[in-house]
Amino acid sequence: MNPVIAKVIVEVPVSRTNRPFDYLVPEWLLPILRVGSRVIVPFGPRKLQGFVIGLLELADGTETSIDPQKLREILEVEDDLPPLTEELLDLAEWMSKQYLCPWITAIHAMIPAVLKGKTERWVVAAAELTAELAGQSPLLHELLRRGAVAYREVEQQFPDEIPLLPGWLSAGWLTTEYHVKDRVTHKQASYVTLLLTDEEALAKADSLPKQAEQMRRVLLHLAPFSGQPIAAKELGELLGVSRPTLKNLAAKGWIRLEQMEVLRNPYAHRKFADAKHSYTAQQQTVLKPIAQAIEQGGFASFLLHGVTGSGKTEVYLAAIEQTLAKGKEAIFLVPEISLTPQMVERVKGRFGNLVAVLHSGLSQGERYDEWRRIIRQQVKVVVGARSAIFAPLRNLGLIVIDEEHENSYKQEETPRYHAREVALWRARQNHGVLIMGSATPSLETYALATRGRYQLLTMNERVGNRPLPQVHVVDMREELLKQNRSMFSQTLYQMIEQRLQNGEQIVLFLNRRGFSTFVMCRSCGYTLTCVHCDISLTYHRTNHTARCHYCGYTIKQPDHCPECQSSHIRFFGTGTQKVEEELSRLFPGIRVIRMDVDTTSRKGAHEELLDRFRRGQGDVLLGTQMIAKGLDFPRVTLVGVIAADTSLHLPDFRAAEKTFQLLTQVGGRAGRHELRGDVVIQTYTPEHYSIRHATKHDYLSFYEEEMLNRKRTGYPPYYRLVLISFSHEQLPVLIQGAQTVADYLKARLQPSTILLGPVASPIPRIKDRFRFQLMLKYRDEPKLIDMLGQMNRHFDEWLKQQQLLMNVDIDPQMLL
Ligand SMILES: Nc1ncnc2c1ncn2[C@@H]1O[C@H](COP(=O)(O)OP(=O)(O)OP(=O)(O)O)[C@@H](O)[C@H]1O
Ligand SMILES: [Zn+2]
Ligand SMILES: [Zn+2]
């Protein structure tokens, strides 16, 4: 037998060990060790977890510098099915280069938390384990009797049988599972599985003595369900059989009694309706090229630009259906906040049990269960938020990204990946189709589509020719002149009143982005901006200054507006609670359902509130960003935006884009069905182009105007950005460190690349650590990523000595 060497990425997340180590695979582990397996290896004096990224058999004459004699052995393989596919391992390698992170960090982004945290390993009886086989070993016997045995117990009670486990695993007699040790622990239940065939069971039932009435009843009941686990509780309730009866049957080897974790299905209690329509003309038009691409196979990418309510979801579902018909699998990404029961219902309604749903509302255990169904190849469609892009499907044919412009597709911690980029990589690798959809595509994506990098598909009409809602813009400066100091304009007030009379519903949206951070004149709408950067200055309460967070420009907070001399100049903001109070004061008896971080922190609260609103138990749904998208309520005929400006004056070059997107998306919630809709946007800057174009639902005009701005100011998509941020407890060390890195970069960057900073970060101190940043703007610097990788390695030791944290963010989304 030739020695087999495994290349293992070990769980030490420091870049010094960002390379695989060689280990020898002991013969007894060969049956289950695969590329992608999770293993335990000796590392120095410790035992660590790691992942096998490659296997090498040393046949005679294999050219290698490895001396197997010197290698240490892998101690254990932790799962019967490897949690990572070879494709995902390649992806991890690519991510580690692209996003400058250790391999192990990229791998961790791909697997459920359960496989990282404190977990307890169990050995569980599987389908092929029969009474006859169980006779061979005390452990197997125990397994058949109890269904599952903790690995801890195996080590203590049956140590001699450990080397046999891999063989049994690969024979399908047993599996291993991980149960989370913390409080989100697994659900335990007893299950009974008939191990006899239908006829055998009937025969045995006949042969039983009279006094074994209970046993007979169980056999007769189970006969039609041979091999299927039935809840013991159910048997108890139905047949009135007792626990000892089941134990007796198990001892005879006729049934298996499993005291084990149930695969939780968080949607088990829901009924899903499948509402399939005949496609509209526009849906048919866009589906044609998509269908062709799926039919042909091979990589293809589309941007589906469809106005709100144009039926994009229906297009995605059709594409998924066709992909499955070709024998392939699909990933359907949606932003976390759109992962509402409504959305899940539509997908489950169409594809039923072939769907796994992954989102943060699930407990760790539930997530792990859904993920395990994918690993076991029991599902064909994975719906989920950002990290679902790593679903370990083996035959991926289609990736859909709904609301492609959403921020949440970018992970804001290491690895700082963008799901869109990962999706492109996977679609290419799998020769699959990528569909990105949005009513308000990001500028980056739309620009690429106009240059032919993605095929652009457009749907500019709502389903059933329903009109887009009429948008009314209210100038809040005039309201102030009219002595109206309430947060509701006359227009909005009257429209709310009228909806209440008609028994129709209202969505009120409070833009919380940029809450109270910018300085604005309430008389004329003037805001303080940086003279160098065209970006709003951020208010600092501590010393009453306003500062630019890109270049550091600072001024004292003025007492009077520089434009109109009014003294009503101050920082800006309102909370949802205040709006709710005001509503109750103005409209006594109004039923408000408030959705914000406070009311939705409890698990399931989000769904519950939406459900109440859907059932008509509220007149108003009042909320922040989380109500802006994906919702489809037939009785909503009015959408009000309390203050459109807050997101407009963020110190972020995407402020106008974000505002346009938000206004268009919230507006899109009105009048989606038979009833016509109105949208009221309250603003102090009605002339701003993002508001003007949103009013007319005019994406293209907005796009063109914004592109000109980006070109002028040198921002994406014309330039690309890298944000390098630093933090330290002591300001002098921090500034010195940032400057040192800046000098290093300056010496190596091409002259055309712009380096901004070092300058204090927009949030200059978090948890007692000061923060500074550098920003790179570049157009054409092909070696930049490599160079940043070198920079990382160059400063690694030094940063650690200085206790300085440095973070590199490629194509940053959040500049705060
Ligand atoms: N061909 C069709 N015939 C009839 N109704 C349809 C059709 N396609 C979609 N619908 C319905 O129209 C409504 C809007 O469709 P859908 O939610 O797919 O739009 P969307 O483009 O995803 O909207 P948004 O981007 O605003 O979330 C839904 O209630 C959907 O069930
Ligand atoms: Zn500036
Ligand atoms: Zn003013």
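This is a predicted model, so every value here is computed, not measured.

Considerations on the UniProt feature "binding site: Zn(2+) 2" (unreviewed entry) in the protein
No. 1: The UniProt entry lists Cys-530, Cys-533, Cys-548 and Cys-551 under the feature "binding site: Zn(2+) 2" (unreviewed entry), expressed in the numbering used here.
No. 2: Considering the arrangement of structural elements, one finds Cys-530 in the loop between strand S21 (519-521) and strand S22 (538-540).
No. 3: Since its relative accessible area comes to 3%, Cys-530 is described here as buried.
No. 4: Here Cys-551 is to be found in the loop between strand S23 (545-547) and strand S24 (554-556).
No. 5: With relative accessibility at 35%, the residue Cys-551 sits in the partly exposed group.

Section: the coordination of the zinc ion (ligand 3)
No. 1: Protein ligation of the zinc ion (ligand 3) involves Cys-521 (SG), Cys-524 (SG), Cys-561 (SG) and Cys-564 (SG), the donor distances falling in the range 2.2 to 2.4 Å.
No. 2: With four donor atoms in place around the zinc ion (ligand 3) and angles of 103 to 112° between them, the coordination shape is tetrahedral.
No. 3: Owing to a relative accessible area of 0%, Cys-521 belongs among the buried residues under this scheme.

Here we look at the site of ligand 1
No. 1: Around ligand 1, 19 residues are found, and the nearest of them are Ser-278, Gln-283, Lys-312, Asp-632 and Arg-672.
No. 2: Take Gln-283: an N or O atom from its side chain is 2.8 Å from a nitrogen atom of ligand 1.
No. 3: Alone, ligand 1 offers 630 Å² of accessible surface; in the complex the protein occludes 87% of this.
No. 4: Considering each element in turn, the shell around ligand 1 owes the most residues, three residues, to helix H12 (residues 312-325).
No. 5: For the shell around ligand 1, the class distribution of residues is three nonpolar, 10 polar and six charged.

Describing the UniProt feature "binding site: Zn(2+) 1" (unreviewed entry) in the protein
No. 1: What UniProt calls "binding site: Zn(2+) 1" (unreviewed entry) maps, in this numbering, to Cys-521, Cys-524, Cys-561 and Cys-564. The greatest C-alpha distance among the annotated residues, which extend across 44 residues, is 8.6 Å, indicating that they converge on a single site.
No. 2: Checked against the element boundaries, Cys-521 lands in strand S21.
No. 3: Discounting chain neighbours no more than four positions away, the residues touching Cys-521 are Tyr-526, Cys-561, Cys-564, Ser-566, His-568 and Ile-569.

As for the sheet that holds strand S15 (residues 381-384)
No. 1: Pairing is parallel in the open sheet, where seven strands are placed in the order S14-S15-S13-S16-S17-S12-S18. The open sheet has two free edges, formed respectively by strand S14 (355-358) and strand S18 (455-459), since each of these has just one partner strand. On average, each strand axis in the sheet is tilted by 15° relative to the strand beside it, whichever way the strands run.
No. 2: By the bridge criterion, four bridges tie strand S16 (residues 396-401) to strand S17 (residues 433-438) in an arrangement that is parallel. Across the sheet, the residue bridging to Ile-401 is Met-436, located in S17.
No. 3: Where helix H16 (residues 443-450) meets the sheet, it contacts strand S12 (300-306), S17 and S18, and its direction lies at approximately 115° from that of S12.

A look at the environment of Pro-138
No. 1: By the element assignment, Pro-138 lies in helix H4 (residues 138-146).
No. 2: Sequence separation between Pro-138 and Ser-489 is 351 residues, and the spatial gap between their C-alpha atoms is 78 Å.
No. 3: Aside from chain neighbours lying at most four places away, what touches Pro-138 is Phe-158 and Glu-161.

What to know about the nonpolar core
No. 1: Membership of the largest hydrophobic core comes to 89 residues, with the highest contact counts inside it found for Ile-389, Phe-390, Ile-399, Tyr-417 and Leu-621.
No. 2: Those residues within four positions of Ile-399 in sequence are excluded, and the remaining contacts are Ile-331, Ile-389, Ala-423, Arg-426, Ala-427, Val-433, Leu-434 and Ile-435.
No. 3: Phe-43, Val-149, Ile-162 and Leu-174 belong to the second-largest nonpolar core, a separate cluster that totals 36 residues.

Side note on the pairing of strand S27 (residues 620-623)
No. 1: Here S27 shows a buried face lined by Val-620 and Leu-622 and a second buried face lined by Leu-621 and Gly-623.
No. 2: Here four bridges tie strand S20 (residues 505-509) to S27, and the two strands are oriented parallel to one another. In the sheet register, Val-507 faces S27, and the bridge partner there is Leu-621.
No. 3: Where strand S26 (residues 592-595) and S27 come together, four bridges link them in parallel fashion. The partner of Met-595 across the bridge, within S27, is Gly-623.

Quick word on the confidence of the model for the protein
No. 1: Per-residue pLDDT for the protein averages 85, and the proportion of residues at 70 or more is 91%.
No. 2: For the stretch residues 182-186, pLDDT sits under 50, and the model shows 10 contacts to residues farther than four places along the chain or on other chains.
No. 3: Ignoring residues within four places in sequence, the model shows residues 266-272, a span with pLDDT below 50, making 15 contacts including any to other chains.
No. 4: As scored by the predictor, the complex reaches a pTM of 0.78 and an ipTM of 0.93.

Let's talk about the environment of Val-379
No. 1: Tracing the chain through its elements places Val-379 in the loop between helix H14 (364-375) and S15.
No. 2: Given a relative accessible area of 1%, Val-379 falls into the buried group.
No. 3: In sequence terms Val-379 and Arg-72 are 307 residues apart; their C-alpha atoms lie 38 Å from each other.
No. 4: The residues contacting Val-379, other than those within four sequence positions of it, are Glu-329, Asn-353, Leu-354, Val-355, Ala-356, Arg-373, Ile-374 and Leu-393.

Thoughts on the pattern of salt bridges
No. 1: This structure, assessed with the given rule, holds 35 salt bridges.
No. 2: With a shortest N-O distance of 2.9 Å, Arg-426 and Glu-87 are connected by a salt bridge. A residue pair is termed long-range when its members are at least 10 positions apart, and Arg-426 in helix H15 (residues 419-429) and Glu-87 in helix H1 (residues 86-98) qualify at 339 residues.
No. 3: The exposure class assigned to Arg-426 is buried, which follows from its relative accessible area of 0%.
No. 4: Among the salt bridges present, the one from Asp-811 reaches Arg-720, with a minimum N-O distance of 2.6 Å. Here the residue Asp-811 occupies a position in the segment after strand S33 (805-810), and Arg-720 occupies one in strand S30 (residues 720-728), the gap between them amounting to 91 residues.

Quick look at the sheet that holds strand S28 (residues 636-641)
No. 1: Reading across the sheet, the six strands line up as S19-S29-S28-S20-S27-S26 and stay open at both edges, with parallel pairing between neighbours. Edge strands, defined here as strands with exactly one partner in the open sheet, are strand S19 (470-475) and S26. Recorded for the sheet is a direction-independent mean angle of 15° between the axes of neighbouring strands.
No. 2: Sitting on the sheet, helix H18 (residues 490-502) touches S19, S20, S28 and strand S29 (678-683), and the angle it makes with S28 is about 155°.
No. 3: Sheet strands in contact with helix H20 (residues 605-614) are S20, S26, S27 and S28, and its direction is about 155° off that of S26.

Cut-off values and rules
Residues numbered from 1 in each chain as written. Chains lettered and ligands numbered in written order. Predicted model: local features only at pLDDT ≥ 70, side-chain atom pairs only at ≥ 80, totals over all residues. Heavy atoms only, no water. UniProt positions renumbered as here; feature names shortened; annotations may be inferred. Helix = DSSP H or I, 4+ residues; strand = E, 2+ residues; numbered from the N terminus. Buried < 20%, exposed > 50% of the residue type's maximum accessible area, 1.4 Å probe, protein only. Donors = N, O, S within 2.8 Å, 3.2 Å for Na, K, Ca; no water. Tetrahedral: all angles 85-135°; square planar, octahedral: opposite > 155°, others 65-115°. Near = heavy atom within 4 Å. Polar contact = N/O pair within 3.5 Å; in protein donor to acceptor, adjacent residues only side chain to side chain. Areas by Shrake-Rupley, 256 points an atom, 1.4 Å probe, with all protein chains shown as cover. Nonpolar A, V, L, I, M, F, W, Y, C, P; charged D, E, K, R; others polar. Contact = heavy atoms within 4.5 Å. Pairing = 2+ DSSP bridges. Axes fitted to C-alpha atoms, helices over the stretch in contact; angles between N-to-C directions. Core = buried A, V, L, I, M, F, W, Y, C linked by side-chain atoms within 4.5 Å. pLDDT = per-residue confidence, 0-100. Salt bridge = Lys/Arg side-chain N within 4 Å of Asp/Glu carboxyl O.

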